[in-house]
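What follows is the residue order along each chain.
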Amino acid sequence: DTAVSQTPKYLVTQMGNDKSIKCEQNLGHDTMYWYKQDSKKFLKIMFSYNNKELIINETVPNRFSPKSPDKAHLNLHINSLELGDSAVYFCASSGADTQYFGPGTRLTVL
Amino acid sequence: GDSVTQMEGPVTLSEEAFLTINCTYTATGYPSLFWYVQYPGEGLQLLLKATKADDKGSNKGFEATYRKETTSFHLEKGSVQVSDSAVYFCALSGANDYKLSFGAGTTVTVRA
């Protein structure tokens with residue numbers, strides 16, 4: 001059973017489009033996150049939700065909107081995609097001090 | 001704010017060589033410290049962790065000791081294998097929240 005899953009694994013789209021990435025965790029954790037990994041492998045947190053409430057928003061453009069319909073899901077919607085949004089996006093969840101990561105979604109904006 | 005500095009790569013080693021990746025941190029309070037590993041084309045996996053000073057985390061032959069006096073959490077393995085080729089990330093989570101701050105990652109390649 002996959003603990004943290006993301007769909008899709010790959011996403012290729014044109015500039016200006018809107019896209020969503022879905023994340024689900026079956027670990028029973030209260031807190032979920034989105035991270036962005038750039039082409040140099042640098043990882044940076046974007047958002048964190050605890051029990052469906054936003055608790056961290058790290059100066060991400062408002063074209064990015066996370067949505068948590070319940071505590072097992074945290075989706076990421078991106079409007080008006082730009083070339084610079086190309087990256088790998090990781091979802092993670094934690095119940096205490098350890099985070100568990102999904103396999104990542106590689107987004108390519110053409 | 002909290003930050004992590006780790007040794008720049010890439011690092012290339014022969015099989016059975018000794019591996020050390022240096023990691024130092026800046027944080028207020030008493031953070032928890034982690035090493036994550038990312039194998040080619042995969043997500044991040046927790047390798048080991050330590051939650052208080054002098055704790056030693058270990059897994060798969062890797063070890064790291066939480067040194068508060070030197071604010072370090074260096075990763076070591078005595079004899080690497082080709083299958084250890086990956087990117088290794090040092091990270092910390094603050095005392096007041098669970099946000100992870102990552103180092104830049106160190107790419108390790110082990111040659112047969």
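Cut-offs used in this document
All residue numbers refer to position in the chain's written sequence, counted from 1. All chains are assigned letters beginning at A, and all ligands numbers beginning at 1, according to the order in which they are written. Selection of residues for local features in this predicted model requires a pLDDT of at least 70, selection of side-chain atom pairs for listing and counting requires 80 or more, and totals for whole chains, interfaces and linings are taken over all residues. Side-chain metrics rest on all non-hydrogen atoms present in the structure, leaving aside hydrogens and water. Only DSSP runs of H or I covering at least 4 residues are called helices, and only runs of E covering at least 2 are called strands; the numbering of each starts at the N terminus. The contact criterion used is simple: two residues touch if any of their non-hydrogen atoms lie within 4.5 Å. By this definition, two strands are paired if DSSP reports at least two bridges between them. For every element, the axis is a line fit to its C-alpha atoms; helices are fit only across the contacting stretch, and the angle between N-to-C directions ranges from 0 to 180 degrees. The term buried area means the drop in 1.4 Å probe accessible area that two parts suffer when joined, counted for both and summed. The working definition used for a salt bridge is a side-chain nitrogen of Lys or Arg within 4 Å of a carboxyl oxygen of Asp or Glu. Residue types Ala, Val, Leu, Ile, Met, Phe, Trp, Tyr and Cys, when buried and joined through side-chain atoms within 4.5 Å, form a set referred to as a nonpolar core. Three labels apply to residues, based on accessible area from a 1.4 Å probe with only protein chains included: buried if under 20% of the type maximum, exposed if over 50%, partly exposed otherwise in between. By convention, a stacked pair of Phe, Tyr or Trp rings (six-membered ring in the case of Trp) has centres within 6.5 Å and planes under 30 degrees apart, an edge-to-face pair has planes over 60 apart, and any other such pair is tilted. Two cysteine sulfur atoms form a disulfide, by the criterion used here, when they sit within 2.5 Å.

**Here's the deal with the side chain of Ser32 of chain B**
Next, step 1: Summarising the element assignment, Ser32 of chain B is placed in strand E5 (residues 32-38).
Next, step 2: Excluding residues within four positions of it along the chain, Ser32 of chain B makes contact with Asp97 of chain A together with Ala50, Thr51, Ala91, Leu92 and Ser93 of chain B.

**A short note on the sheet that holds strand E7 (residues 56-59) of chain B**
Residues and elements named next belong to chain B.
Next, step 1: On the basis of which strands lie adjacent, the open sheet formed by 4 strands has the order E3-E9-E8-E7 and antiparallel pairing. Each having just a single partner strand, strand E3 (19-21) and E7 make up the two edges of the open sheet. Taking the axes of each pair of neighbouring strands and ignoring which way they run, one obtains an average angle of 15° across the sheet.
Next, step 2: Sheet analysis places E7 next to strand E8 (residues 62-65), joined by 4 bridges and oriented antiparallel.

**Some remarks on the interface of chain A and chain B**
Next, step 1: If you look at the interface, chain A gives 20 residues, while chain B gives 20 residues.
Next, step 2: Of the roughly 1,600 Å² buried between chain A and chain B on both sides combined, carbon and sulfur atoms contribute 59%.
Next, step 3: Interface area lost by chain A to chain B is led by Leu43, Asp97 and Phe101 of chain A, which between them contribute 34%.
Next, step 4: In this assembly, chain A and chain B are joined by 0 salt bridges.

**A word on the nonpolar core**
Next, step 1: One finds Trp35, Phe73, Leu75 and Tyr88 of chain B to be the most contacted residues of the largest nonpolar core, which totals 26 residues.
Next, step 2: Elements represented by at least two residues in this core include exactly strand E2 (11-14), E3, strand E4 (23-26), E5, strand E6 (44-50), E8, strand E10 (86-93) and strand E12 (106-111) of chain B.
Next, step 3: Of all the elements, E10 of chain B adds the most residues to this core, at 4 residues.
Next, step 4: Grouped together as the second largest cluster of nonpolar side chains are 20 residues, Met32, Leu74, Cys91 and Val109 of chain A included.

**Regarding the packing of aromatic side chains**
Next, step 1: Evaluation of the coordinates by the stated rule reveals 12 aromatic pairs over all chains.
Next, step 2: Seen in terms of ring centroids, Tyr33 of chain A and Tyr35 of chain A are 6.1 Å apart; in terms of plane orientation they differ by 35°. Their pairing is tilted.
Next, step 3: In this structure Tyr33 of chain A comes out as buried when scored by relative accessible area, which is 1%.
Next, step 4: Measuring from centroid to centroid gives 6.4 Å for Phe64 of chain A and Tyr89 of chain A, while their planes differ by 35°, and the two rings are tilted. Here the residue Phe64 of chain A occupies a position in strand E7 (residues 64-70), and Tyr89 of chain A occupies one in strand E9 (residues 87-94), the gap between them amounting to 25 residues. Exposure class is identical for Phe64 of chain A and Tyr89 of chain A. Each is buried.
Next, step 5: Ring pairing ties together the aromatic residues Tyr33, Tyr35, Phe90 and Phe101 of chain A together with Phe34, Tyr36, Phe89 and Phe102 of chain B, which thus form one cluster.

**Remarks on the environment of Val11 of chain B**
All names here are of chain B.
Next, step 1: Following the sequence through the fold, Val11 ends up in strand E2.
Next, step 2: Through-space distance from the C-alpha of Val11 to that of Thr107 is 6.1 Å; in sequence the pair is 96 residues apart.
Next, step 3: Excluding residues within four positions of it along the chain, Val11 makes contact with Leu19, Thr106, Thr107, Val108 and Thr109.

**Description of the pairing of E2 of chain B**
Residues and elements named next belong to chain B.
Next, step 1: Because side chains alternate across E2, one face comprises the buried residues Val11 and Leu13, and the other comprises Thr12 and Ser14, none of which is buried.
Next, step 2: As defined by bridge partners, E2 adjoins E12 across 4 bridges and the pair is classed as parallel. Within E12, the residue paired with Ser14 across the bridge is Arg111.

**Some remarks on the state of the cysteines**
Next, step 1: Within this structure, the stated rule accounts for 2 disulfides over all chains.
Next, step 2: Note on cysteine connectivity: Cys23 of chain A is disulfide-linked to Cys91 of chain A, with sulfurs 1.8 Å apart. Disulfide Cys23 of chain A-Cys91 of chain A: the torsion about the S-S bond is -75°, which places it as left-handed. You can see Cys23 of chain A sitting in strand E3 (residues 19-25) and its partner Cys91 of chain A sitting in strand E9, a full 68 residues away along the chain. Take Cys23 of chain A and Cys91 of chain A: they sit in the same class, and that class is buried.
Next, step 3: Each disulfide pairs two cysteine sulfurs, and for Cys23 of chain B the partner residue is Cys90 of chain B, the sulfurs being separated by 1.9 Å. Around the S-S axis, the bridge from Cys23 of chain B to Cys90 of chain B shows a dihedral of about -70° and counts as left-handed. Linking Cys23 of chain B in strand E4 with Cys90 of chain B in strand E10, this pair joins segments that are 67 residues apart in sequence.

**Let's talk about unusual backbone geometry**
Next, step 1: With an omega of -5°, the peptide bond between Thr7 of chain A and Pro8 of chain A qualifies as cis.
Next, step 2: Within the element layout of this structure, Pro8 of chain A appears in the loop between strand E1 (4-7) and strand E2 (10-13).
Next, step 3: Of note in the backbone geometry, Glu16 of chain B takes a positive phi value of approximately 75° without being a glycine.
Next, step 4: Turning to its location among the elements, Glu16 of chain B is positioned in the loop between E2 and E3.
Next, step 5: With phi around 55°, Lys60 of chain B is a residue other than glycine that occupies positive phi space.
Next, step 6: Considering the arrangement of structural elements, one finds Lys60 of chain B in the loop between E7 and E8.
Next, step 7: On the basis of relative accessible area, Lys60 of chain B is assigned to the partly exposed category, the value being 48%.

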